[in-house]
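One letter stands for each residue in the lines below.
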Amino acid sequence: MRSRGGVRMAASKMVMASVTAIRPFSCAAAASASASYPGRLAPHPPDLIKWVRREGGFVHEAVKIARDASSGLGLVATDEIPKGSELVVLPEHVPLRFGSLESDGGDGADAVLANLARQVPDMWFCFTFYAPNICVLTHLAAELWAMKLGLKLLQERARVGSFWWPYIGNLPEAFSVPIFFHGEDIKNLQYAPVLYQVNKRCMFLLEFEKEVRRALEDNKPSDHPFGGQAVGASALGWAMSAVSSRAFRLYGKKLADGNYDDVPMMLPLIDMCNHSFKPNARILQDQDDRNKKMLVKVVAETEIKQNDCLELNYGGLSNDLFLLDYGFVVPSNPYDCIELKYDGAFLDAASMAAGVSSPSFSAPAPWQKEILCQLKLDGEAPLLKVCLGGSEVVEGRLLAALRVVLASDVESVQKHDLNTLKSISVEAPLGIANEVAAFRAIIALCVIALGHFPTKLMEDESMLQKGVSDSTELAIQFRILKKSVIIDVMRDLTRVKLLSSKETATAQG
């Protein structure tokens with residue numbers, strides 16, 4: 001019995017009951033996070049491809065399940081597959097979904113499960129500030145919907161004879177997400193927003209464990225959705241991680257207005273496709289011409305060569321979300337960024353450190369404050385989280401704020417709209433001196449952000465060369481990539497040197 005990330009990982013104790021047709025929840029979620037390739041729930045899992053075909057689905061003859069050296073177990077092409085080919089097709093009854101919570105139908109166990117799912121809040125959302133320049137956005141909507149579907153997954157996992165056992169038996173017995181890291185490896189992440197998210201998720205699991213226990217304590221065995229088993233934070237964490245890392249949000253039932261509702265569902269076999277920002281396959285929904293029921297398909301987006309992994313684009317996500325929800329990070333991720341808090345006093349200090357004289361971020365002029373309100377950086381209900389990195393290099397709201405507050409001429413500012421002031425591609429809209437000051441302030445922010453990491457890049461790389469556990473390696477890789485984002489921003493802003501030379505030439509002229 002041991003603790004990982006604040007979640008107590010213990011083997012679930014069986015509740016004595018007359019219901020014997022259950023599969024016990026093992027402490028698999030607490031299995032060593034250092035295992036490069038965690039085993040599957042079933043020691044000898046059913047053939048998933050055969051099961052999909054037996055249920056009326058389609059799997060391309062050149063697609064097989066295989067282990068790749070870099071990405072683990074996934075779908076691989078055994079021969080060349082032409083562009084446009086259907087790779088996997090699932091009929092409507094194969095995806096695992098929760099169903100509607102609006103009705104109280106179903107047997108006793110299903111009704112209890114629906115009531116449990118209703119206790120999962122739709123969103124847990126707040127801002128938390130760790131330090132003047134560290135903003136943490138706590139937004140747990142993603143894993144909360146994952147927890148609702150996770151309850152259904154746990155029910156089917158416990159049920160002997162479950163229709164979905166051939167799929168569930170192939171799921172990993174452990175996940176490499178940080179809620180299952182040792183405490184030291186959570187600290188090794190060294191990045192406050194993710195550290196806070198990990199702690200918050202663990203707190204949610206521990207609190208929800210209590211809710212589940214209270215909801216199930218007086219149920220008769222036949223109404224127990226998990227076959228009489230105690231459901232602890234470990235099992236809940238396993239289920240939440242399984243869903244957050246493998247489920248898709250797709251169209252469900254057609255609504256009265258002609259649109260479709262948005263339904264999270266687990267897609268057997270399809271969820272074994274790996275991630276790439278340049279995918280060779282895509283997922284789509286279509287109607288079966290025979291019965292008009294919805295089909296979920298994976299289609300080759302490009303020609304797929306022999307031995308290539310099948311890859312989908314999981315979305316434009318930062319490495320924070322890839323790590324928290326999927327348990328991996330993406331090098332050179334164009335969507336990765338650093339989160340900071342817009343704070344006037346801190347920006348004054350950073351600007352002065354950069355050699356900017358008399359900044360006024362903590363006490364902007366009324367006309368500057370008006371623009372900051374338009375940027376949602378001041379006034380009622382401001383959105384103070386700003387980002388460095390990603391597709392914008394510097395978030396437009398932050399850049400506009402720096403340009404405006406470091407400007408002294410209200411008339412020159414009023415000549416430009418907000419979009420111009422927010423654009424980094426528009427060079428020096430308020431003059432070269434203003435642009436140099438803004439860029440220097442951003443570089444100072446980057447230097448301070450780097451200083452919040454206890455270790456330097458060379459130390460991190462040295463630790464990796466010495467050899468560490470897989471979870472430690474993942475934590476170090478994550479913080480290396482975060483530092484790289486900051487360094488890349490500073491490198492992208494090196495044109496400040498060119499602007500400075502222009503400023504000098506203008507002054508001398």
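Structure first, text after, so check above.
Residues numbered from 1 in each chain as written. Predicted model: local features only at pLDDT ≥ 70, side-chain atom pairs only at ≥ 80, totals over all residues. Heavy atoms only, no water.

Engineer: Give me the lowdown on the environment of Ser 362, citing residues and values where you can.
Structural biologist: With respect to the helices, strands and loops of the structure, Ser 362 is situated in the loop between helix H9 (344-353) and helix H10 (366-374). Here Ser 362 falls in the exposed class, since its relative accessible area comes to 51%. Expressed as a C-alpha distance, the spacing of Ser 362 and Phe 346, which sit 16 residues apart in the sequence, is 8.3 Å. Setting aside residues up to four positions removed in sequence, Ser 362 forms contacts with Gly 344, Ala 345 and Asp 348. (Helix = DSSP H or I, 4+ residues; strand = E, 2+ residues; numbered from the N terminus. Buried < 20%, exposed > 50% of the residue type's maximum accessible area, 1.4 Å probe, protein only. Contact = heavy atoms within 4.5 Å.)

Engineer: Before we move on, can you summarise the pattern of salt bridges with the specific residues and values?
Structural biologist: Pairing is possible between side chains that carry opposite charge, provided their charged atoms lie close to one another. Scanning all chains against the criterion turns up 20 salt bridges. A salt bridge links Asp 271 to Arg 246; the nearest nitrogen and oxygen atoms lie 3.3 Å apart. With a gap of 25 residues between them, Asp 271 in the loop between strand S11 (260-266) and strand S12 (274-275) and Arg 246 in helix H7 (residues 233-246) connect regions that are remote in the sequence. Exposure class is identical for Asp 271 and Arg 246. Each is buried. Residues participating in the shared-partner salt-bridge network are Glu 86, Asp 286 and Lys 297. (Salt bridge = Lys/Arg side-chain N within 4 Å of Asp/Glu carboxyl O.)

Engineer: Go over the packing of aromatic side chains, please, and point to the residues and values.
Structural biologist: Throughout the structure, instances matching the rule amount to 13 aromatic pairs. On the basis of an interplanar angle of 55° and a centroid distance of 5.4 Å, the ring pair of Trp 51 and Phe 163 is categorised as tilted. Of this pair, Trp 51 sits in helix H1 (residues 48-54) while Phe 163 sits in the loop between helix H3 (141-158) and helix H4 (165-168), and the two are 112 residues apart along the sequence. Trp 51 gets classed as buried once you look at its relative accessible area, which sits at 2%. Through pairs of rings, three or more aromatic residues link up here, namely Phe 277, Tyr 314, Phe 322, Tyr 326, Phe 328 and Tyr 335. We note Arg 157 situated over the ring of Trp 238; from NZ or CZ to the ring centre the distance is 4.4 Å. (Phe/Tyr/Trp six-rings, centres within 6.5 Å; stacked < 30°, edge-to-face > 60°. Lys NZ or Arg CZ within 6 Å of the ring centre and 35° of its normal.)

Engineer: I'd love a proper account of H9, names of residues and values included.
Structural biologist: Along H9, the residues classified as buried are Gly 344, Phe 346, Leu 347, Asp 348, Ala 350 and Ser 351. In this structure, the buried side of H9 is in contact with helix H11 (396-405) and helix H14 (432-451). If you check the start of H9, you find a side-chain oxygen 3.3 Å away from the backbone N of Ala 345, and it comes from Asp 343. In the stretch just after H9, Gly 355 is the one whose phi turns positive, near 90°. (Polar contact = N/O pair within 3.5 Å; in protein donor to acceptor, adjacent residues only side chain to side chain.)

Engineer: Run through the pairing of strand S6 (residues 86-90), naming residues and quoting values.
Structural biologist: Of all five residues in S6, four are buried; the element is thus mostly enclosed. Of the pairings in the sheet, the one linking strand S3 (residues 58-59) to S6 comprises two bridges and is antiparallel in character. Among the inter-strand pairings, Phe 58 is bridged to a residue of S6, identified as Val 89. Alignment of S6 against strand S14 (residues 294-300), held across four bridges, turns out to be antiparallel. Looking at the pairing, Glu 86 lines up with Val 299 of S14. (Pairing = 2+ DSSP bridges.)

Engineer: Run through the pairing of S14, naming residues and quoting values.
Structural biologist: A large share of S14 lies buried, amounting to seven of its seven residues. The alternating pattern of S14 places Met 294, Val 296, Val 298 and Ala 300 and Leu 295, Lys 297 and Val 299 on opposite faces, both of which are buried. Here strand S13 (residues 281-287) pairs with S14 via seven bridges, running antiparallel. Each residue of the ladder has a partner; that of Ala 281, found in S14, is Ala 300.

Engineer: Mind laying out the environment of Ile 179, listing which residues take part and the relevant values?
Structural biologist: Residue placement: Ile 179 occurs in the loop between H4 and helix H5 (183-187). As a C-alpha pair, Ile 179 and Arg 201 span 22 residues in sequence and 7.3 Å in three-dimensional space.

Engineer: Mind laying out the nonpolar core, listing which residues take part and the relevant values?
Structural biologist: Counting residues in each nonpolar core, the largest one holds 129 residues, and the members touching the most others are Leu 87, Tyr 342 and Ile 442. Looking at which element gives the most residues to this core, the answer is H14, with nine residues. Other than its neighbours up to four places away in sequence, Leu 87 contacts Phe 58, Val 59, His 60, Val 63, Ile 81, Ala 281, Val 298, Val 299, Ala 300, Ile 304 and Leu 310. (Core = buried A, V, L, I, M, F, W, Y, C linked by side-chain atoms within 4.5 Å.)

Engineer: Go over the sheet that holds S3 with me, naming the residues and quoting the values.
Structural biologist: A sheet is described by the order of its strands in space; here four strands give the open sequence S3-S6-S14-S13, paired in antiparallel fashion. Taken across any chain shown, the strands that pair with only one partner, and hence form the sheet edges, are S3 and S13.

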